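Results of the structural survey
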4 protein chains.
Amino acid sequence: MKQNDIKDLSLADKGKLRIDWAEREMPVLRLIKTRFEKEKPLKGIRLGACLHVTAETANLMKTLKSGGAEVFLCASNPLSTQDDVAASLVKHDEIPVFAIKGEDSKTYFSHLNSVLEACPQITMDDGADLVAQLHKLKIKNYELRINNAKYEIQNTNGNWEFYGSSEETTTGVIRLKAMEKDGALKIPVIAVNDSDTKHLFDNRFGTGQSTIDGLLRATNILIAGKIIAICGFGFCGRGLADRARGMGARVLICETDSIKALEAVMMGFEVAQVMDAVQVADIVITVTGDKHVIDEKHFKAAKDGIIIANSGHFNVEINLDALAKMSKSKRKVREFVDEYQIQNTKYDIRNTKKIYILGEGRLLNLAAAEGHPASVMDMSFANQALAAEWIFKNRGKLQNKVYRLPVEMDQEIAELKLKAMGISHDALTAEQKKYLESWKEGT
Amino acid sequence: MKQNDIKDLSLADKGKLRIDWAEREMPVLRLIKTRFEKEKPLKGIRLGACLHVTAETANLMKTLKSGGAEVFLCASNPLSTQDDVAASLVKHDEIPVFAIKGEDSKTYFSHLNSVLEACPQITMDDGADLVAQLHKLKIKNYELRINNAKYEIQNTNGNWEFYGSSEETTTGVIRLKAMEKDGALKIPVIAVNDSDTKHLFDNRFGTGQSTIDGLLRATNILIAGKIIAICGFGFCGRGLADRARGMGARVLICETDSIKALEAVMMGFEVAQVMDAVQVADIVITVTGDKHVIDEKHFKAAKDGIIIANSGHFNVEINLDALAKMSKSKRKVREFVDEYQIQNTKYDIRNTKKIYILGEGRLLNLAAAEGHPASVMDMSFANQALAAEWIFKNRGKLQNKVYRLPVEMDQEIAELKLKAMGISHDALTAEQKKYLESWKEGT
Amino acid sequence: MKQNDIKDLSLADKGKLRIDWAEREMPVLRLIKTRFEKEKPLKGIRLGACLHVTAETANLMKTLKSGGAEVFLCASNPLSTQDDVAASLVKHDEIPVFAIKGEDSKTYFSHLNSVLEACPQITMDDGADLVAQLHKLKIKNYELRINNAKYEIQNTNGNWEFYGSSEETTTGVIRLKAMEKDGALKIPVIAVNDSDTKHLFDNRFGTGQSTIDGLLRATNILIAGKIIAICGFGFCGRGLADRARGMGARVLICETDSIKALEAVMMGFEVAQVMDAVQVADIVITVTGDKHVIDEKHFKAAKDGIIIANSGHFNVEINLDALAKMSKSKRKVREFVDEYQIQNTKYDIRNTKKIYILGEGRLLNLAAAEGHPASVMDMSFANQALAAEWIFKNRGKLQNKVYRLPVEMDQEIAELKLKAMGISHDALTAEQKKYLESWKEGT
Amino acid sequence: MKQNDIKDLSLADKGKLRIDWAEREMPVLRLIKTRFEKEKPLKGIRLGACLHVTAETANLMKTLKSGGAEVFLCASNPLSTQDDVAASLVKHDEIPVFAIKGEDSKTYFSHLNSVLEACPQITMDDGADLVAQLHKLKIKNYELRINNAKYEIQNTNGNWEFYGSSEETTTGVIRLKAMEKDGALKIPVIAVNDSDTKHLFDNRFGTGQSTIDGLLRATNILIAGKIIAICGFGFCGRGLADRARGMGARVLICETDSIKALEAVMMGFEVAQVMDAVQVADIVITVTGDKHVIDEKHFKAAKDGIIIANSGHFNVEINLDALAKMSKSKRKVREFVDEYQIQNTKYDIRNTKKIYILGEGRLLNLAAAEGHPASVMDMSFANQALAAEWIFKNRGKLQNKVYRLPVEMDQEIAELKLKAMGISHDALTAEQKKYLESWKEGT
């Protein structure tokens, strides 16, 4: 048999191979796509998405388009764009994509604006950047009918009706709820992250595996026998802790919440303060959703040769500015490994130590690996697709609040996933349902 | 050194040893007790508790009494009473206890009434039996001031003011929320089970370990290499699944909720219908909180020699009546093991199979072992003690609803537990708090 | 259905129930018994066994008798005898048993002599006591034909021909190999412990589970979140480490062998010196096969409230004499828990700490639980039964050495066990066998 | 700070970065190198190595050269060569390297010959190819003094004295022992693989992690919830099984050896025949060291979409010829993923299924990832370095047999590794040593 060579393919065709490979692991989205093709529930809607431009996202875009929507895509992170995927969406699916891997900040935001200039009626976000940008537009009262100077040009009827947005990440949802609390939120938002089929799986199993994957690709070091400190014991943190332990590491947990810290202890993990952890750990990974978790004092205290990485959404968890200021020199020793050399004691300039930062402190799984595996994105993006449909169905009835997708949809997604995996389970019998609802039966 | 012999001690003194041994593992309750002794926050209150009469409960009773309450205790399960503990409470602590191990149903309910006859102003429940009993009294409108025939005798002033109750179990809370939904709940209730420091620990780590303990004591069989099916993947079920796997079993999960079933799959467990599970499993354990999870058809399909047990609150999860009806004979082969012999095929009476039921289908950890370890009850009962204090502080202000204890108390309990274990962890810095609350910072 | 009550049974009938319950989990021994009944391979042989008198041993004795042997049994440990089992063997199987639970040292050795006085031609040992005793007899040159004063009385023909012995434990095998090295071994011995189907399973899965079982029954404390130090990382130690971790503990390993210590590290365990471990551990368990692993200096350094137990064969691993000497007082606080109070500092007599010793430092699984589960003893005792047959078949041809049972028998036992569990696996194909044997095929 | 860019470096300088990164994780080899630099134990020896040309191997070569040897290196696998590493060894260390990534079979063997033409006195092998090639030379009786036509040219004195070889892999050792058994082995060989510090770590932890790494890089699929069948439960297989489970997979084991199969069961794994496994598994990985483990009948039975890979030494474990013959088409869908499409039923040509083969059936960790992590190679190569020293020291005294490195060296390597990790552990006390050696102490 003659063997094809991927190297000979065009960028767009390479992207197509990648999109199809991902599709293989996205059976729930596939089922929704099949229904969307038939029912066209998004017919005539303009939909703007700001997501990591990956093969999985491509499958979501194709699904939304199958549902009748006109789709516009930009990147939610300047570094995560897979250029071949973008090319394939443009060439094979005629979906406009505004994203180039490694684009600078100015281009990044101009790309967000390009999507907004299409006057999308529904938006999708991964970190709330698009919604934030949208809020900087002048918005006419609560209906969000925008007809000011800038956007009027785009709209022949002088009106741009906006139905709502959905948000993918914990970080974005925290941001949006803060906006809601402040009365600053001007649109209805579906917190896709709040769906069980999203955060119980994507955050835990997706981040868990892909962070290990990123660590291995970035460093190729043996995990067994290493001490790994994980800062943050939320869904991402515990997913990562399970995997790190599963690869043979001794795992330390740093967590500010008492109940989570105690859970970690009861699960057999060691719990420590960051200051104590950095003195014994070989590797430290942050997944807190917060800022400067590894700060100047920690770099000072850290063990020589420590490897530090971040798997939280933003690259603020490691204070790299502080590290740069402390360092005598910095050099790249592997593609995703920067070696900082810092003076260890005040008086002896020869006494230095090395600190290794992976992927410039950005999301390790996207920087050094390929992001979340398709199988978890399957459920996250099934939520996204259903969220778009639900927003459209309920247009006009929603308030400017952060919503959760109805629990039945969440259950339905899990059910479809189980079926796709060939797994069957019991339903409650009528007698059992009645028993659960009744309070009269007792001891 | 001369050696004491426990056998020579009186029942009450044996109980005291047992209570003191448990106290060793209850540092949070100990701290609350110390504070209660000083502050007397329950001064003058009559408090009736319907709980498993165990060494841990004894420590809670002593704590409440230290806080100034007059305490009355009855059993929440006819089989779980530790008679020596009861004797010790009476002798050493002057706390009236209405409970005898193995008491019949009539005595059981008369004991509940004995506690109610003391006209408690606050009650504590483990399965909602006391509250159910309380609701069968004639109650004068919503204030629950009782001055009818039966109870007037007990009350010199003709009035019995009731402040509220607390409930320990998932099962009880389900029952109480059903009552609330029906408008049948006439008192405020604190769902202690809803505290994170209760259900995240007691249900998961307590039930997990103590069920394995009960299984080992009841059967002494090797778990490694066995197939164990666990029905129910709530907190109890997953705690048990972790432990069963940790002991070397191959674990099958049966679960009606799709999301939980999918979680089980992603955690590497097999998921199956009960009918399929009973055909391959060596051991089946129910922890669903529901009824007839193992029913006639499952007994019919089950593998010869299967061992079946229950760790859910009520003994309704295994349909023992159906099993008895199907059986040719039944005999006890070990203290907590009943062997049922059933005819395997309709036409061949010699073709029989054996089914083993542990602890008569009652809570395995209480029937065959010593219930939850003190260390988890420490937190559950810290919640109970604080719930009593909170009910009293907020008397008159509460509605006839199911409440959760304030989250700060929950956190405080976790914090005390960590401290008692010698574990320190970070707090959020001011900068980090600000970051979490702000939505302006972005990509 | 009328329910039988175990309490009403005679001691021997209670023992029978227990023996039958164990038999359920011993399918390999059952298959051997069936063959022995037919083939009578031990016809006419006198066989003396010094083993823990448990339900599993009873099944071995019955198997040997089925093979035609005349069997005599004494205990290998004064504390592990199950009196009901002994009674059942005497009553139901007419096998003489010389063992009483709790017998003193003098009685213990007189019981060993009672077995030897039956002039057994094959012996079985668990700790090499019977062989040691045998060697104290006057022996006529290497053939071990004994016709001296003491034993002549027992033998009508003045000759007692001895074929060989088998040994169950690591400890016993170490002892016997030391004897062989010294030229002191006067009989052939089969080291049953050297069979893979013995030490890979009994030591690892048996000791692992039953030690946890003993710990739970002795203390009822929560294992999750505790720090457990395990001294010794041989088969027993790593079996125990897996189980302790599986129950949620944070596990520390103390091991003198560098390679084993490094393995422990790579498996994600912490490795520490005993002195460091006792300062942080909640529980310490010794499984080294060596002496004074926990010694005076460790008691001095230990954390207040530490629980110490032993699961190695002999009760020498914890230096209890040293502890007794250091202690101000000692009392029993639970059936298998002794509390030692020792003065913590030289100058302040009020400053004391408590050390808890389980089961008087004897094998925890036998002291506080029911010993190894039947399922592992199934394979160990299958080895014993086949060892007896093999010794007899090869009588006269064996040297005074420590032998291993032929590897094919070992494989056969594993194969039978798998079949009994309903598990099938592949055999090598002819092509695969050839490939493995050939060195000509290469890159 | 100015940032260097790895892309701008020369191939040799890229290789140097990679070698130095590996060196960071090879503290034991570093210590040996330091000693070798001082002692020069290999002074004047010609040493030929046939190993995977990786960064770790480079560090071994540098160590041997530091010891005074003249070193020649060729590849042990045509696909595993890291060209930059080869370039760096040549440029920075003046070590001749005969290896090009992707070289064809003819070039591969000519490279082996290039090393042999240097008349090495000691050789190192990874799969026994060099030794096999050496044996095809005409050899003058047992002394292996070679002075025949071909090699005379290389030797001015007409004699090439050969001291011995060492072998890295299980596969190679099996091959060499087969040669020894056949009387075909003409040189002494050290089976480095037999050292505990090699096979207990490299095979188990190295293969375990790097196979997962290869799987992730090749496919990027989610492992959690997948069914992974592992063929072979030797050290490599169980290492892989631990990691696959640790990543959340449900693991099936296929194993021909009964004892190993039973061990797998007792460790909680499912054991199945390959035919049954391929019908349910999502992924199958072979690590048997044998041939055609996945054969025509398995492809026929396999689940649609199954992913099959090999982590055994040779690419014979999957019968790719059979698969190619059965297939209608084959195409590359990702860099290391070949999709074979085969007709599922005889009569319906539209009914096809897909089988995915990773890395063309070659060692997955080398094909798709970077081979074993440096930390395990540290110990393997410490064994290699010490083996070379030991062969030289004992030259003339060794027979044409397969040797194991003395156990003290093995222990020493483990001890050095522990020290480098900052871990201390106890030594036996004099009393404990005496106890272990004595057989007089008993019950």
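Each remark here, short or long, concerns the structure printed above.
So, here is what we can say about the structure in this document. Computed from a prediction, not measured in an experiment: that's the story for all the values here. (Residues numbered from 1 in each chain as written. Chains lettered and ligands numbered in written order. Predicted model: local features only at pLDDT ≥ 70, side-chain atom pairs only at ≥ 80, totals over all residues. Heavy atoms only, no water.)

1. Some remarks on the nonpolar core
The test is simple: The definition of a nonpolar core used throughout is a set of buried Ala, Val, Leu, Ile, Met, Phe, Trp, Tyr and Cys residues joined through side-chain atoms within 4.5 Å. Only protein chains enter the accessibility calculation, which uses a 1.4 Å probe. A residue is then buried if its area is under 20% of the maximum for its type, exposed if over 50%, and partly exposed in between. Here a residue-residue contact requires only that any non-hydrogen atoms of the pair lie within 4.5 Å.
Counting 198 residues, the largest nonpolar core has A:M61, A:L64, D:M61 and D:L64 as its most contacted members. Dropping the residues within four chain positions of it, D:M61 is found in contact with D:A49, D:L51, D:V71, D:L73, D:L89 and D:I95. A:I212, B:L29, C:A99 and D:L262 belong to the second-largest nonpolar core, a separate cluster that totals 197 residues.

2. Points about the interface of chain C and chain A
What counts here: Buried area counts how much accessible surface, traced with a 1.4 Å probe, disappears from two parts once they are put together, with both parts' losses summed. For salt bridges, the criterion is a side-chain nitrogen of Lys or Arg within 4 Å of an Asp or Glu carboxyl oxygen. Any pair of N or O atoms that falls within 3.5 Å is considered a polar contact. Within protein, one atom must be able to donate a hydrogen and the other to accept it, and sequence-neighbouring residues count only if both atoms are side-chain atoms.
Counting residues at the interface gives 11 residues for chain C, matched by 11 residues for chain A. Summed over both sides, the interface of chain C with chain A buries roughly 810 Å², with 63% coming from carbon and sulfur. At the boundary of chain C and chain A, one finds 2 salt bridges. Put simply, chain C and chain A have 2 residue pairs in polar contact (both at pLDDT 80 or more) between them.

3. A short note on the sheet that holds strand β4 (residues 122-125) of chain D
Residue and element names in this part refer to chain D. Quick reminder of the rule: Strand pairing follows a simple DSSP-based rule, namely that at least 2 bridges must link the two strands. The helix and strand labels rest on DSSP assignments: H or I over at least four residues marks a helix, E over at least two residues marks a strand, and numbering proceeds from the N terminus. In this analysis an axis means a line fitted to C-alpha atoms, helices contributing only their contacting stretch, and an angle means the value between N-to-C directions, from 0 to 180 degrees.
Spatial strand order, β3-β2-β1-β4-β5-β6-β15: 7 strands in an open sheet with parallel pairing. The sheet terminates laterally at β3 (97-98) and β15 (402-403), the two strands that pair on one side only. Of the strand pairs in this sheet, β4 and strand β5 (residues 164-167) are connected by 4 bridges, and their pairing is parallel. Its bridge partner lying in β5, D125 is registered against E167. In the packing of helix α3 (residues 55-66) onto the sheet, contacts are made with β1 (46-50), β2 (70-74) and β4, and the angle to β2 comes to roughly 160 degrees. Helix-sheet contacts for helix α5 (residues 105-116) involve β1, β2 and β3, and the interaxial angle to β2 is about 170 degrees.

4. Quick notes on the relation of the copies chain D and chain C
The condition that has to hold: Copy-to-copy superposition: least squares on the C-alpha atoms, limited to residues that have pLDDT of at least 70 in both copies.
Expressed as a screw operation, the relation of chain D to chain C combines 0.1 Å of axial shift with a rotation of 180 degrees, fitting to an RMSD of 0.1 Å. The relationship between the two copies is best expressed as a two-fold rotation axis. Of every C-alpha in chain D, the one belonging to D:D242 sits nearest the axis of rotation, 6.2 Å from it. By residue overlap, the copies meet face to face through one surface: 98% of the interface positions of chain D are interface positions in chain C.

5. Focus on the environment of A:P406
Residues and elements named next belong to chain A. Structurally, P406 is set in the loop between β15 (402-403) and α17 (407-420). On the basis of relative accessibility, which here comes to 21%, the residue P406 falls in the partly exposed class. Counting along the chain gives 211 residues from P406 to S195, while the straight-line C-alpha distance between them is 8.5 Å.

6. Re the packing of helix α3 (residues 55-66) of chain A against helix α16 (residues 374-393) of chain A
Residue and element names in this part refer to chain A. For clarity, the threshold we go by: In these notes the angle categories are as follows: under 35 degrees is roughly parallel, over 145 is roughly antiparallel, 65 to 115 is roughly perpendicular, and the rest is oblique. Whether a crossing is left-handed or right-handed is set by the direction in which the near helix is turned from the far one by less than a right angle, anticlockwise for left-handed and clockwise for right-handed. In the scheme used here, Gly and all other residues not listed as nonpolar or charged are polar, with Ala, Val, Leu, Ile, Met, Phe, Trp, Tyr, Cys and Pro taken as nonpolar and Asp, Glu, Lys and Arg as charged.
Between α3 and α16, the shortest axis-to-axis distance is 10 Å and the interhelical angle comes to 30 degrees. Judged by the angle between their axes, α3 and α16 are roughly parallel. Here α3 runs over α16; the crossing is right-handed. Facing α3, whose interface residues are E56, T57, L60, T63 and L64, α16 presents A374, M377, F381, Q384, A385 and A388. For the contact of α3 with α16, the residue count by class is 7 nonpolar, 3 polar and 1 charged.

7. Regarding the packing of aromatic side chains
We count it as follows: In summary, the pairing rule links any two rings of Phe, Tyr or Trp, Trp by its six-membered ring, whose centres are within 6.5 Å, and it sorts them by plane angle into stacked for under 30 degrees, edge-to-face for over 60 and tilted for everything else. In this scheme, the term charge over a ring applies when either NZ of a lysine or CZ of an arginine sits within 6 Å of the ring centre and within 35 degrees of the ring normal.
With the rule as written, the count across this model stands at 24 aromatic pairs over all chains. Seen in terms of ring centroids, B:Y356 and C:W21 are 5.2 Å apart; in terms of plane orientation they differ by 80 degrees. Their pairing is edge-to-face. Placement of the pair is B:Y356 in strand β14 (residues 352-358) and C:W21 in helix α1 (residues 11-23), with the two residues belonging to separate chains. With respect to burial, B:Y356 and C:W21 carry one shared label: buried. With a centroid separation of 5.7 Å and an interplanar angle of 50 degrees, the aromatic rings of C:Y163 and C:F392 are classed as tilted. Of this pair, C:Y163 sits in the loop between α7 (149-152) and β5 (164-167) while C:F392 sits in helix α16 (residues 374-393), placing them 229 residues apart in sequence. For C:Y163, a relative accessible area of 13% gives the class buried. If you follow B:R395 out to its NZ or CZ, it ends over the ring of B:Y163, 5.9 Å from the centre. Above the ring of B:F392, the side-chain terminus of B:R395 is found at 4.0 Å from the ring centroid.

8. With respect to the interface of chain D and chain C
When the parts of a complex come together, some accessible area is lost, and that lost area is often taken as the interface size. Listed as interface residues are 65 residues of chain D and, on the opposing side, 64 residues of chain C. Here chain D and chain C share an interface that buries about 6,100 Å² over both sides, 60% of which is from carbon and sulfur atoms. Across the chain D-chain C interface, the total number found is 2 salt bridges. Taking the shortest distance from any N to any O, the salt bridge between D:R204 and C:E263 comes out at 3.8 Å. Joining chain D to chain C, the criterion identifies 18 residue pairs in polar contact (both at pLDDT 80 or more). Elements with a contribution of two residues or more to the side of chain D that touches chain C: α8 (170-181), α9 (196-219), α11 (258-266), α16 (374-393), α17 (407-420) and α18 (430-437) of chain D. Looking at which element gives the most residues to the side of chain D that touches chain C, the answer is α11(D), with 7 residues. Of the residues assigned to the side of chain D that touches chain C, the class counts are 31 nonpolar, 14 polar and 20 charged.

9. Description of the relation of the copies chain C and chain A
For the pair chain C and chain A, the best superposition has an RMSD of 0.1 Å and corresponds to a rotation of 180 degrees with a translation of 0.0 Å parallel to the axis. Both copies contact each other with a shared surface, as 100% of the interface residues of chain C are interface residues in chain A too.

10. What to know about the packing of α1(C) against helix α3 (residues 55-66) of chain C
All names here are of chain C. One way to put it is that α1 packs onto α3 with a least axis distance of 8 Å and a crossing angle of 80 degrees. Taken together, the axes of α1 and α3 lie roughly perpendicular to each other. Side by side, α1 and α3 meet where R18, I19, D20, A22 and E23 of the first sit next to A55, E56, A58, N59 and K62 of the second. Split into classes, the residues belonging to the contact of α1 with α3 amount to 4 nonpolar, 1 polar and 5 charged.

11. Structural notes on the pattern of salt bridges
Here the idea is simple: oppositely charged side chains can pair when their charged atoms come close. Within the structure shown, the criterion is met by 108 salt bridges over all chains. With its nearest N and O atoms 3.6 Å apart, the salt bridge here joins B:D242 to B:R204. Here the residue B:D242 occupies a position in helix α10 (residues 235-246), and B:R204 occupies one in helix α9 (residues 196-219), the gap between them amounting to 38 residues. Of the residues examined, B:D242 reaches a relative accessible area of 24% and is grouped as partly exposed. C:D378 serves as the salt-bridge partner of C:K417, at 2.9 Å between the closest nitrogen and oxygen. Separated by 39 residues along the polypeptide, C:K417 in helix α17 (residues 407-420) and C:D378 in helix α16 bring together distant segments of the chain. Considered together, C:K417 and C:D378 belong to a single accessibility category, that of buried residues. Taken together, the shared-partner salt bridges connect A:R18, A:D84, A:D213, A:R217, A:E370 and D:R334 into one network.

12. Details of the side chain of A:E263
Topologically, A:E263 is positioned in helix α11 (residues 258-266). The contact partners of A:E263, leaving out residues within four places of it in the chain, are A:F233, A:R238, B:L200, B:F201, B:R204 and B:F205.

13. Digging into the state of the cysteines
Where we set the bar: Cysteine sulfur pairs qualify as disulfides if the two atoms are within 2.5 Å.
For the structure shown, the criterion picks out 0 disulfides over all chains. B:C254 takes part in no disulfide bond, and the closest cysteine sulfur to it belongs to B:C231, at a distance of 4.2 Å. Distance from the sulfur of C:C119, which forms no disulfide, to the nearest cysteine sulfur (C:C74) is 14 Å.

14. With respect to helix α2 (residues 27-39) of chain C
All names here are of chain C. Filter applied, for reference: How far a helix is expected to stretch is found by multiplying one less than its residue total by 1.5 Å.
Helix length check: α2, at 13 residues, gives a terminal C-alpha distance of 18 Å against a target of 18 Å (1.5 Å per residue), a fit within 8%. Looking at α2, one finds that the buried residues are P27, V28, L29, I32 and F36. Directly beyond the C-terminal end of α2, a positive phi value near 45 degrees is found at K40.

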